[in-house]
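# Structural description and commentary
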Amino acid sequence: MTNDDYLLYRKGPLSLNSSWVGGWDTFVSAFNSSDRVQLMANHVAVKERYWLNLPEYGFKNSDLPNTATPYTSNADSEFEFLQEFFLKIGDIKKRRILIDITGFLNHYVVALAKLLIEQDVDECTIIYGEPVRYLKSEQTQFSDRSVMSVRQIVGFEGVHSTDTKADLLILASGYDARLVAEVANNKEHATKIQLFGLPSMRPDMYQESLLASATVADTIGPEAAHRGSFKYAPANDPFITASELSKISVQHRIKHPLANLYISPLSTKPQALGCALFYLSECPKTATSILYPYCRSYARETSEGLARAWRYDMEFAHLRARL
Amino acid sequence: MEIRNPFDLVKATDLSDVEIEDYFVDFPGAASLLARIKPTSPMPMVIFGGKGSGKTHLMRYLSFPLQVRRHGDGEAGRKGISSDKYLGIYFKCGSLNAYRFSGKGQPQDIWSHVFAYYMELWISQMLLRTVIEIHADCPETVNVPALLEEISALLDVHPEVPINQLEDHLTHFHSLQRIADIAINNCGISKKLDLKIVATPGNFAIGLPKVLARHVPTLRDVLFVYLADEFENLTEHQQEYFNTLVREREPPVTIKIGVRLYGIRSVRILNSGEENRKDSEYEEFRLDTELRNRREDAQLEFATQLVRKRLVINGTIASKQAETFAPSEWFEIGDQDSRLSAEGRNIAEKYVGRDTPAIASLREKLIHGIKIKASPGLDKNEDVNEIIDLVRVPSNIFIEKVSVFLLYRAWARKQSLQEAAHTISQSATEYLSGSGSRSPHAVVMKHFRTDILAQLYRETDQRQRYVGFGTFVKMSAGLPRALLTILKHIYTWSTFLGEDPFRSSKVSLKAQTDGVAQASEWFFSDARAPGPVGTEVRDAMTKLGQLLRDLRFSDKPSESSLSSFSVDLLGAQEPARENLANAENWSMLIKIAGGQHDRNEGRVDDKYQVHPMLAPRWDLPVARRGAIALSGDEVNAIFGTNSGDAFERVIKRRLSPMLAPMFSEADENGSRKKEVRPLVDPSLGLFTSDE
């Protein structure tokens, strides 16, 4: 797979003035208190609807609006949570499924992509709603910042090399600079590249991400001051994100074929989806991992309004053989 | 041409092998850190050190690639390693991604076995790769059938692939590791661990070096030193694998473990309740404590060497200049006159024709004191002017500040303020004339100079001064990375301000102050424990910093250079004890050897200093002189999980005796309770015994 192949996937806007009809059988979303999660759900004209109640948000099922069936569990990992959910609702291979990742946490987005392949889903529509603004701009906290551990996401653990001299860490950096710092600390020895969302979802958001990143520049290391270590992909485009990751990885592996590569999706959910797509397309059984800083809890409400909505038509059939 | 910041690279992990060699600095002769680590000693060692203490730099310096760099390739390298009498096999435990070996529906003891197996494969590959590299120019010397066969025999299952050279073994171990990786990863999805273990723990980590020593001439009399860095990244059970290596090591193998202060989770060994004992199975080396405890001039010289090397490599100074280059000469340090004459004049200019802040505040408090009958000897507001006229020193704002300080002390002891003011006025005159070497002013200058200066800076809207190379060395307190981070930020500010640091101009006070502030913030945010513990420790440190700052800037601080405290742990609850220990483990506090003798109870309490890197955050001194003794309740209020109210009461109780006009103790609720008993120093008349 080359980096251009990702551009064959289809991304398109969704109108905020009409219902979204696409012959879907099942709609799945993860609930949180941000406006856009419910606004997105209101646009979807599907009868069978589920709210995933992610334990990290700390909601009771009774807190959720009754516009969809709530689902929660005390699974050990995000992968297990989603695995159990899909097991509960039955054979998803036979359904046309619509998944809104707006309320998902990034590690769930990553796990979701792998699980859909594991569940023999060939095609699926994923949607995402952009906020009008984040509540406190670059000061917005998406987690309680109590990082319990930085570890690989199950299913994205890689086959690593004992030679760690040329390890590379790609930080898809967002507002939560503390999380960026924790991951950078965990792979202190690795060369770091930061992938920023540009174009960002709102014009000021790119600048705000840079400001946030600058606050932890000392932890990131000398690369934080070198523009050559900054890469860019649109904040709302998983496919260009995957393509950019592909380019970075190929360039690094030309020089260091055995190097360990770590990717950490700390920015938007579309970029997290892009990280997963790149991994599943090019990295199974290589020295590549997706790393995530697991926090005790995550903010229930981080944004206001719904500015734009996007659909991403995912195709997984060709990726199954690579796993 | 733009010159890159010579202090840009502050972490050993960011350095190439060449840079590790080039930037390496050690103490001379018998004081050498390398000698303390004793690479040729078979006794295992745990090297403790805070983040940035230089563990990685030291351990990498001892590693094989650096040995080769020192001795050269080929035969020279082989001879060099033979003469070194050790071979350093360096690896980072953080690279193992240890969390993979847990959960996933498998019991812990299974993961312990799998991890041990995985480590055997990992270490084997590093050993083989090293040996192949050593003999790259003469492979025939290592590809002897007996060696290859003995390695195969170490496996529980003989390799099915043909083994004709060491590379075949390396490939085989790599494929075994790959099989293990895939099984471990799939287990997260399938909950089944489908892995056949084909090597017994210890067979390779200890057995392979024995085989190599037997068959490879270069390694015949060489100690294989595993340099296991970032040990804190392993879980309790994973550490037990290495503890077992420590216990069961046999010649020619030993191990040096690099670990952060908090990083040891277990001293037990695998499959047994037995524990390794310090000085029996291993010895400890505490790197940052060692660096801190070196003589001040030795620390300064060490830091000077660090700076010289970087400036030479960076091209800022020529190598022939290096030997005499003194970094301390390149930092402005402001007015060094003990009376602060020049700088004081500049500050005082703002207050021509009006009260200085110290006088204005004193006036206000005296008037308030008259109102509540707490200004001894003063009845009416006009009396205040007389006092002020005696205390005021128009020619020197700094000496005036000392006079105000002395008056507060007299006031706290309920002395007649008129009498005290006359004595103070006379003392100021004598001191300024140079004749009052035993005057109260001279004594205050000896003990409280930096505190009074800090108060003066604060009330005249100046920033606190943390300037001069010696100050930066003290601030780093055994953490070379902290020193380099300070210098990195200062250099950046200096060039931003248009200066040409270390070449044609001194670094300005502003660049130093801004750089130090930035480095201090980095230290506070970076030295953070994971999870909620990190938040609790930061909150506790913020409370502690606030208390020490408020005491330092009170009217009558009782302790000079207050950055330390002792604790009565008997009265402290468990959460407070834990947070205190965590603050030390994460280098926010430094434990003072010997503790503090409690005068009343006869106990020896633990004593701590706020890490000097954090001093700018709360305007605290870098130096350590005075200390306050915290009771169990106070420790609970600061370090425990008590409500904020308890801390507010501590602040009130501690501060009340130090604030005019009442200078009184507060009751349990923080309300003012009773007056402080006057304590008079018979020789000076103005000092209390707490000095």
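Residues numbered from 1 in each chain as written. Chains lettered and ligands numbered in written order. Predicted model: local features only at pLDDT ≥ 70, side-chain atom pairs only at ≥ 80, totals over all residues. Heavy atoms only, no water.

## Regarding the confidence of the model for chain B
All names here are of chain B. Looking at chain B as a whole, its pLDDT mean stands at 91, while 96% of the residues score no less than 70. Mean pLDDT values for the elements of chain B range from 49 in strand β12 (residues 672–675) up to 98 in strand β1 (residues 45–48). Residue range residues 674–691 is modelled with pLDDT below 50. Its contacts to residues more than four positions away, or to other chains, number 42 contacts. Interface confidence for the predicted complex, given as ipTM, is 0.86, next to a pTM of 0.89. (pLDDT = per-residue confidence, 0-100. Helix = DSSP H or I, 4+ residues; strand = E, 2+ residues; numbered from the N terminus. Contact = heavy atoms within 4.5 Å.)

## Quick word on the environment of Ala519(B)
Residue and element names in this part refer to chain B. Within the secondary structure, Ala519 sits in helix α22 (residues 509–526). Measuring from C-alpha to C-alpha, the distance between Ala519 and Ile490 comes to 8.8 Å, with 29 residues separating the pair along the chain. Once residues within four sequence positions are removed from consideration, Ala519 is found in contact with Thr485, Ile486, His489 and Met613.

## Focus: the packing of aromatic side chains
The full count for this structure, using the stated rule, is 44 aromatic pairs over all chains. Centroid distance Trp411(B) to Phe663(B): 5.8 Å. Interplanar angle 65 degrees. Geometry classified as edge-to-face. Note that Trp411(B) is positioned in helix α17 (residues 397–412) and Phe663(B) in the loop between α26 (644–655) and β11 (664–666), a separation of 252 residues in sequence. Exposure remark for Trp411(B): the relative accessible area of 0% places this residue in the buried category. In textbook terms, an aromatic cluster arises when at least three aromatic residues are bridged by ring pairs, as seen for Phe91(B), Phe101(B), Trp111(B), Phe115(B), Tyr118(B), Trp122(B), Phe231(B), Tyr241(B) and Phe242(B). Here Arg151(A) stacks its cationic end above the ring of Tyr294(A), 4.0 Å away from the centre of that ring. (Phe/Tyr/Trp six-rings, centres within 6.5 Å; stacked < 30°, edge-to-face > 60°. Buried < 20%, exposed > 50% of the residue type's maximum accessible area, 1.4 Å probe, protein only. Lys NZ or Arg CZ within 6 Å of the ring centre and 35° of its normal.)

## Quick look at a negative patch on the surface
Residues and elements named next belong to chain B. Residues Glu536, Asp539, Glu574 and Glu578 make up a contiguous surface patch of negative charge. Broken down by secondary-structure element, the contributors of at least two residues to the negative patch are α23 (531–552) and α24 (574–585). Here Glu574 is to be found in helix α24. With relative accessibility at 47%, the residue Glu574 sits in the partly exposed group. (Patch = residues over 30% accessible without salt bridge, like charges linked within 9 Å, V, L, I, M, F, W, Y side chains within 5 Å. Areas by Shrake-Rupley, 256 points an atom, 1.4 Å probe, with all protein chains shown as cover. Salt bridge = Lys/Arg side-chain N within 4 Å of Asp/Glu carboxyl O. Lys, Arg positive; Asp, Glu negative; His and termini not counted. Charge placed at Lys NZ, Arg CZ, Asp CG, Glu CD.)

## Some points on the interface of chain B and chain A
Taken together, the contact pairs 42 residues of chain B with 40 residues of chain A. Each partner contributes to the roughly 3,400 Å² buried at the junction of chain B and chain A, and carbon and sulfur atoms together form 45% of this total. Together, Asn97(B), Tyr99(B) and Ile189(B) form the three largest contributors to the area buried by chain B at its contact with chain A, with a combined 17%. At the boundary of chain B and chain A, one finds four salt bridges. With a shortest N-O distance of 2.6 Å, Glu80(A) and Lys191(B) are connected by a salt bridge. Counting across the interface, chain B meets chain A through 17 residue pairs in polar contact (both at pLDDT 80 or more). Those elements that provide at least two residues to the side of chain B that touches chain A are α6 (108–134), α8 (166–190), α21 (480–496), α22 and α23 of chain B. With eight residues, α8(B) is the largest single contributor of residues to the side of chain B that touches chain A. (Buried area = accessible area lost by both parts, 1.4 Å probe. Polar contact = N/O pair within 3.5 Å; in protein donor to acceptor, adjacent residues only side chain to side chain.)

## Things to note about the sheet that holds strand β12 (residues 261–265) of chain A
Residues and elements named next belong to chain A. Strand order in the open sheet formed by six strands is β8-β13-β12-β9-β10-β11, and the pairing between neighbours is mixed. On the outer flanks of this sheet lie β8 (147–152) and β11 (230–233), each paired with one strand and no other. Each neighbouring strand pair of the sheet contributes to a mean axis angle of 25 degrees, computed without reference to strand direction. One ladder, built from five bridges, connects strand β9 (residues 168–172) with strand β10 (residues 191–197); its direction is parallel. Paired with Leu171 across the strands is Gln194, a residue of β10. (Pairing = 2+ DSSP bridges. Axes fitted to C-alpha atoms, helices over the stretch in contact; angles between N-to-C directions.)

## Some points on the pattern of salt bridges
Residue and element names in this part refer to chain B. Evaluated as defined, the whole model comprises 54 salt bridges over all chains. In this structure, Asp555 and Lys365 form a salt bridge, with 2.9 Å as the shortest nitrogen-oxygen distance. One end of the pair, Asp555, is in the loop between α23 and β6 (564–567); the other, Lys365, is in helix α15 (residues 357–371), with 190 residues separating them in the sequence. Each member of the pair, Asp555 as well as Lys365, is classed as buried.

## Focus on α15(B)
All names here are of chain B. Look at α15: 21 Å from first C-alpha to last across 15 residues, which is about the 21 Å you get at 1.5 Å a residue. Residues of α15 that are buried: Pro357, Ala358, Ile359, Leu362, Lys365, Leu366, Gly369 and Ile370. Taken together, the buried residues of α15 touch α16 (381–391), α17, α18 (417–433) and α19 (440–459). Downstream of α15 by one or two residues, Lys373 has phi in the positive range, about 60 degrees. (Expected span 1.5 Å × (residues − 1).)

## Here's the deal with the pairing of β6(B)
Residues and elements named next belong to chain B. Judged by which residues are buried, β6 turns out to be covered on both faces: Ser564 and Ser566 on one side and Phe565 and Val567 on the other are all buried. Here β6 runs beside strand β9 (residues 604–610); their pairing, made up of four bridges, is antiparallel. In the strand pairing of β9, Ser566 is matched with Lys607.

## A closer look at the pairing of strand β4 (residues 253–259) of chain B
All names here are of chain B. With respect to burial, β4 is a largely interior element, seven of its seven residues being buried. Burial along β4 is two-sided: Val253, Ile255, Ile257 and Val259 facing one way and Thr254, Lys256 and Gly258 facing the other are all buried. One ladder, built from four bridges, connects β1 with β4; its direction is parallel. The residue bridging Phe48 from the neighbouring strand is Val259, located in β4. Summarising the sheet, strand β3 (residues 223–229) and β4 pair through five bridges and their orientation is parallel.

## Examining the side chain of Ser494(B)
Take Ser494(B): it is sitting in helix α21. Among the polar contacts made by the side chain of Ser494(B), one reaches the side chain of Glu499(B) at a distance of 2.5 Å.

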